[in-house]
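A closer look at the structure
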Amino acid sequence: KAGVTQTPRYLIKTRGQQVTLSCSPISGHRSVSWYQQTPGQGLQFLFEYFSETQRNKGNFPGRFSGRQFSNSRSEMNVSTLELGDSALYLCASSFLGGGSGNEQFFGPGTRLTVL
Amino acid sequence: GNSVTQMEGPVTLSEEAFLTINCTYTATGYPSLFWYVQYPGEGLQLLLKATKADDKGSNKGFEATYRKETTSFHLEKGSVQVSDSAVYFCALTTQTGANNLFFGTGTRLTVIP
């Protein structure tokens with residue numbers, strides 16, 4: 001079974017631009033979560049989608065948005081990029097929509113650099 | 001609120017040494033606890049988990065016991081190998097029905113031959 005895939009793996013943008021990252025979950029998984037990883041803030045939860053609905057959202061500005069398609073693939077978008085948005089963006093999928101002990105499977109991440 | 005406090009790194013050990021990485025947590029409700037590992041250039045992999053008090057998660061020689069009385073979930077391994085060199089993250093989820101993980105800051109482990 002293929003794992004979680006994320007595209008692109010690397011991305012370089014300039015301030016003010018916008019970017020779209022893509023995540024394909026493991027086949028059969030309906031939940032997709034996004035995380036931002038930076039040296040200063042560590043791993044922080046962005047949002048989660050389940051069956052095309054955003055179920056939960058972390059403490060990020062409205063410039064960060066996402067969506068999920070009927071095939072469970074998800075995209076996240078960052079508008080008006082800032083230098084501080086440079087990070088590794090990780091996507092995780094899970095079979096269940098939540099609950100205690102639910103395992104999440106992570107993709108390799110997209111490394112975004114904002115110049 | 002929910003938070004995870006993890007032992008500061010980096011940690012450098014010789015091969016076959018004993019490993020302990022401390023992790024304590026604060027959570028609303030009754031959390032599930034996880035250890036994830038991140039190898040260079042890769043995403044996170046679940047190492048082990050525990051969902052209730054006194055549960056012991058184990059995998060690949062690593063162990064951690066869910067201690068509710070001390071709100072801790074320390075990671076241990078009796079004999080580390082060079083291939084264990086990675087960053088280790090302690091994390092929790094709560095029983096809200098959501099999938100968001102709260103992570104610690106991570107501990108970088110380097111094992112030297």
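Bear in mind the structure is a predicted one, so any value in this text is a computation, not a measurement.

1. Focus on the packing of aromatic side chains
A complete count under the given rule lists 13 aromatic pairs over all chains for this structure. Ring centres of A:Y35 and A:F106 lie 5.5 Å apart, and the angle between their planes is 45 degrees; this geometry places the pair in the tilted category. Taken as a pair, A:Y35 in strand 4 (residues 31–38) and A:F106 in strand 10 (residues 105–106) lie far apart in primary sequence, 71 residues in all. Judged by centre distance (6.1 Å) and plane angle (35 degrees), the ring pair of B:F34 and B:Y36 falls under tilted. Judged by relative accessible area, B:Y36 falls into the buried class, the value being 0%.

2. Concerning the interface of chain A and chain B
Opposite the 25 residues of chain A that make contact, chain B presents 20 residues. With both sides pooled, the region where chain A packs onto chain B buries about 1,700 Å², and carbon together with sulfur makes up 48% of that total. Between the two partners, chain A and chain B, sit zero salt bridges. Broken down by secondary-structure element, the contributors of at least two residues to the side of chain A that touches chain B are strand 4, strand 5 (42–50), strand 6 (53–57) and strand 9 (87–94) of chain A.

Parameters at a glance
- Per chain, the residues get numbers from 1 upward, laid out in the order the sequence is written.
- The naming scheme follows written order: chains are lettered A onward, ligands numbered 1 onward.
- pLDDT decides what is reported in this predicted model: residues at 70 or higher carry local features, side-chain atom pairs at 80 or more are listed and counted, and totals for whole chains, interfaces and linings draw on all residues regardless.
- Side-chain numbers come from the whole structure's heavy atoms, not from hydrogens or water.
- Ring pairs are drawn from Phe, Tyr and Trp, using the six-membered ring of Trp, whenever the two centres fall within 6.5 Å, and their geometry is named by plane angle: stacked under 30 degrees, edge-to-face over 60, tilted for the rest.
- We count a stretch as a helix when DSSP gives it H or I for four or more residues in a row; a strand needs E for two or more, and each element gets its number in order from the N terminus.
- Categorising residues by exposure relies on relative accessible area from a 1.4 Å probe, with only protein chains included: less than 20% of the type maximum marks a residue as buried, more than 50% marks it as exposed, and the intermediate range marks it as partly exposed.
- Only heavy atoms enter the contact rule, under which two residues are in contact if any of them lie within 4.5 Å.
- As used here, buried area is the combined drop in accessible area, with a 1.4 Å probe, of two parts when they are placed together.
- Whenever a carboxyl oxygen of Asp or Glu lies within 4 Å of a side-chain nitrogen of Lys or Arg, that contact is scored as a salt bridge.

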